Amino acid sequence: MASAAVTFRTPYENRVGLVKDTIVAHSKLNDKAADELAEHVLQALDSIPEKMR
């Protein structure tokens, strides 16, 4: 019986995917540019202290 490869995504990867999908839906950026921008957006958000978010 052949087993299918299971891939797990970390919570961070899930967050990047959510932000990327939102960027793609509301802009003309391609997937690669949207992915890079999503990572920058999350880095900026993560730098804000949680009490201020």
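Residues numbered from 1 in each chain as written. Predicted model: local features only at pLDDT ≥ 70, side-chain atom pairs only at ≥ 80, totals over all residues. Heavy atoms only, no water.

Colleague: Could you give me a rundown of the overall build of the protein, with the residues and numbers involved?
Modeller: Assigned secondary structure in the protein consists of two helices and zero strands. At 15 Å, the protein has a C-alpha radius of gyration far larger than the 10 Å of a compact globule built from 53 residues. A principal-axis box enclosing the C-alpha atoms of the protein has dimensions of 50 × 30 × 15 Å. Looking at the protein as a whole, 13% of its 53 residues are labelled buried. Accessible area for the protein stands at about 4700 Å²; split by element, carbon and sulfur atoms hold 60% of it. A distance of 4 Å separates the average location of the 7 positive side-chain charges in the protein from that of its 8 negative side-chain charges. (Helix = DSSP H or I, 4+ residues; strand = E, 2+ residues; numbered from the N terminus. Rg over C-alpha atoms; globule rule 2.2 N^0.38 Å. Buried < 20%, exposed > 50% of the residue type's maximum accessible area, 1.4 Å probe, protein only. Areas by Shrake-Rupley, 256 points an atom, 1.4 Å probe, with all protein chains shown as cover. Lys, Arg positive; Asp, Glu negative; His and termini not counted. Charge placed at Lys NZ, Arg CZ, Asp CG, Glu CD.)

Colleague: Which residues make up the packing of helix 1 (residues 11-25) against helix 2 (residues 31-47), and what values do they have?
Modeller: Running from N to C, helix 1 and helix 2 point in directions that differ by 120°, and their axes come no closer than 8 Å. It follows from the interaxial angle that helix 1 and helix 2 lie oblique. Seen along the crossing, helix 1 lies across helix 2 with a hand that is right-handed. Across the interface between the two elements, Tyr12, Arg15, Val16, Val19, Lys20, Ile23 and Val24 of helix 1 pack against Asp31, Ala34, Asp35, Leu37, Ala38, Glu39, Val41, Leu42 and Asp46 of helix 2. For the contact of helix 1 with helix 2, the per-class residue count stands at ten nonpolar, no polar and six charged. (Axes fitted to C-alpha atoms, helices over the stretch in contact; angles between N-to-C directions. Parallel < 35°, antiparallel > 145°, perpendicular 65-115°, else oblique. Left-handed = near helix turned anticlockwise from the far one by under 90°. Contact = heavy atoms within 4.5 Å. Nonpolar A, V, L, I, M, F, W, Y, C, P; charged D, E, K, R; others polar.)

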